[in-house]
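Letter by letter, the chains look like this.
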Amino acid sequence: MDNYLLLTPGPLTTSSTVKKAMEFDYCTWDDDYKEITQSIRQSLLALADVNPSKYTAVPIQGSGTYGVESVISSTISNSDTLLIAINGSYGERISQMADVYGINHIDVRIDEQKPVLLEDIKSVVEMHPEITHFAMIHCETTTGVLNPIEEIIPWVHERKIVTIVDAMSSFGGIPIDVSGINIDFLISSTNKCIQGVPGFSFVIARKKVLEATKGTARTLSLDLYDQYHEMEINNGKWRFTSPTHVVHAFAQALEELKLEGGLQKRYKRFQANQNQLALGMENLGFEVLIDKKWQSPIITSFIYPTDDFDFNDFYQKLKESGFVIYPGKISKVPTFRIGNIGEVYRDDIARLLKVIKEIQNTEKSF
Ligand SMILES: *Cc1c(COP(=O)(O)O)cnc(C)c1O
């Protein structure tokens, strides 16, 4: 099969040098390997711009969901109550996790086409003094809406509530003032904005809060405190087999993020990609689902142009031309999604728009 560009925000298109870093069967457990893990942890703290004496970075084997589940299942006890802000399927997923573990939770559901706002949270927190933890999504990849964590998290933190942010599809691509706004647990993974391959997630955690969770875990493998403890006392040793190829690819991806000029430069590229994509699609007659004010620079939802729009046919034609996009994920409005993170540049978006225009010209349905 010919190579195609993944316009699906994670897994995404990685550089050839990131792929090359996996062409070797690395040993594990020894000092060289542990050093790589430690340097990744330091790089993540630097990327989060947090003080290493206050925060730690803990990798967890598995995809992003495993990292979120590690925080939910091992840092919240049976006597706690978790407030969850939901405006898409990743927020719903946290609610599902709380159900599985029998954790007390209060769900605030907001229309999927809208951001979560502070006023949605305020009244619930004021009505429920039993709330001890709060979780929300930064970029809701379901629609591409960017929730204003910088307005909500500081207010929640002031009420002595532990704050959890799923920044899976934003960390490393959108600046986040982790310690400034007082995030206690931030979760992300290798295969989103940092542009590595899938295989592990990581948690940026406030040490004092994490250390207080010792013994809270409901599973062995997702015990965040224990993973942290092992990495601290054994200089970067993972508790169980680590994804060695993924780890090396991720170290390379972090290096390439630096070479690109760092977080601000990458953010600019993603923003430029998204602007070019949204504008180009609008010129072709497509409508963006999310209001510009809340649209993330990561992924864009487009409303089906006509009632008889055939997404599968559109998808296949794009794939044959070298682009893979995403179906929509919300129920109320038929949409499809196009991501613009990964090794994706100006010329790629221009080529995509040209191909969509050609498909449009040969189709009668839109
Ligand atoms: C990708 C993503 C996840 C994790 O999904 P996995 O399939 O487990 O990697 C969680 N939250 C958000 C917002 C995401 O974009």
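What you see is a predicted model; the values in this text were computed from it and never measured.

Q: Just to check I follow, could you spell out the domain arrangement of the protein for this structure?
A: Where the parts come together, the accessible area they lose is often given as the size of the interface. Domain annotation for the protein reports domain 1 (5-10 + 262-363) and domain 2 (17-258). Between domain 1 and domain 2, the contact holds 28 residues from the first and 30 residues from the second. Here domain 1 packs against domain 2, burying approximately 2400 Å² in sum over the two surfaces, 59% of which is carbon and sulfur. Of all residues in domain 1, the largest losses of buried area upon contact with domain 2 belong to Leu263, Arg266 and Trp294, amounting jointly to 29% of the total for that side. Connecting domain 1 to domain 2 are one salt bridge.

Q: Please explain the side chain of threonine 300 as it appears in this structure.
A: Its place among the elements puts threonine 300 in strand E12 (residues 299-303). Engagement of the side chain of threonine 300 in a polar contact is seen with the side chain of glutamine 274, the distance being 2.9 Å. Sequence-distant contacts of threonine 300, that is, excluding residues within four places in its chain, are made with Thr143, Gln274, Leu277, Val288, Gln295, Phe336, Arg337, Ile338 and Asn340.

Q: In this structure, what is going on with unusual backbone geometry? I would like to understand it.
A: Trans is the common state for peptide bonds, and a negative phi is the common state for residues other than glycine. Here the residue pair glycine 10 and proline 11 is connected by a cis peptide bond, since its omega of -5° sits within 30 degrees of zero. The residue proline 11 is located in the loop between strand E1 (5-6) and helix H1 (16-20) in this model. If you check the backbone angles, aspartate 49 has positive phi at about 55° while not being a glycine. A relative accessible area of 64% means that aspartate 49 is categorised as exposed. Despite not being glycine, lysine 160 has its phi angle at roughly 60°, a positive value. With respect to the secondary-structure elements, lysine 160 resides in the loop between helix H6 (149-158) and strand E8 (162-166).

Q: Help me out: how do you make sense of the side chain of glutamate 140 in this one?
A: When you line up the elements, glutamate 140 lands in strand E6 (residues 139-140). One buried charged side chain, glutamate 140, makes no salt bridge at all; its nearest oppositely charged neighbour is lysine 329, positioned 6.9 Å away. Within the structure, the side chain of glutamate 140 is placed 2.5 Å from the side chain of threonine 142, a separation counted as a polar contact. Contact partners of glutamate 140, with chain neighbours within four places excluded, come to Asn87, Gly88, Ser89, Tyr90, Gly91, Val145 and Asn147.

Q: Before we go on, may I ask you to explain the pairing of strand E15 (residues 335-339) in this structure?
A: In summary, the side chains of a regular strand alternate between the two faces of the sheet. Most of E15 is tucked away, with five of its five residues classed as buried. Neither face of E15 is left uncovered, since the one carrying Thr335, Arg337 and Gly339 and the one carrying Phe336 and Ile338 both have all their residues buried. Two strands pair when backbone bridges link them, and strand E14 (residues 326-327) and E15 are joined in this way by two bridges, in the antiparallel orientation. Bridged to tyrosine 326 within E15 is arginine 337.

Q: Can you help me understand the UniProt feature "domain: Aminotransferase class V" (unreviewed entry) in the protein in this one?
A: In the numbering adopted here, UniProt assigns the feature "domain: Aminotransferase class V" (unreviewed entry) to residues 55-346. Within residues 55-346, the helical portion is 37% and the strand portion 21%, while the C-alpha atoms at the span's ends are 36 Å from each other.

Q: In this structure, what is going on with the sheet that holds strand E9 (residues 185-189)? I would like to understand it.
A: Whenever strands of a sheet pair, they do so through backbone hydrogen bonds, lying parallel or antiparallel. A sheet is described by the order of its strands in space; here seven strands give the open sequence E2-E10-E9-E8-E5-E3-E4, paired in mixed fashion. The sheet is open, and its two borders are formed by strand E2 (55-61) and strand E4 (104-109), each paired with just one other strand. The average undirected angle you get between the axes of adjacent strands in this sheet is 20°. Against the sheet, H6 touches strand E5 (133-137), E8 and strand E10 (200-206), its axis set at about 175° to E5.

Q: Please explain the pattern of salt bridges as it appears in this structure.
A: When charged atoms on two side chains of opposite charge get close, those side chains can pair. This structure, assessed with the given rule, holds 15 salt bridges. One salt bridge connects aspartate 111 with lysine 332, and the closest N-O pair in it is separated by 3.4 Å. With a gap of 221 residues between them, aspartate 111 in the loop between E4 and helix H5 (118-127) and lysine 332 in the loop between E14 and E15 connect regions that are remote in the sequence. What makes aspartate 111 partly exposed here is its relative accessible area of 31%.

Conventions we followed
Residues numbered from 1 in each chain as written. Predicted model: local features only at pLDDT ≥ 70, side-chain atom pairs only at ≥ 80, totals over all residues. Heavy atoms only, no water. Domains from an automatic or database assignment. Contact = heavy atoms within 4.5 Å. Buried area = accessible area lost by both parts, 1.4 Å probe. Salt bridge = Lys/Arg side-chain N within 4 Å of Asp/Glu carboxyl O. Helix = DSSP H or I, 4+ residues; strand = E, 2+ residues; numbered from the N terminus. Polar contact = N/O pair within 3.5 Å; in protein donor to acceptor, adjacent residues only side chain to side chain. Buried < 20%, exposed > 50% of the residue type's maximum accessible area, 1.4 Å probe, protein only. Lys, Arg positive; Asp, Glu negative; His and termini not counted. Pairing = 2+ DSSP bridges. UniProt positions renumbered as here; feature names shortened; annotations may be inferred. Axes fitted to C-alpha atoms, helices over the stretch in contact; angles between N-to-C directions.

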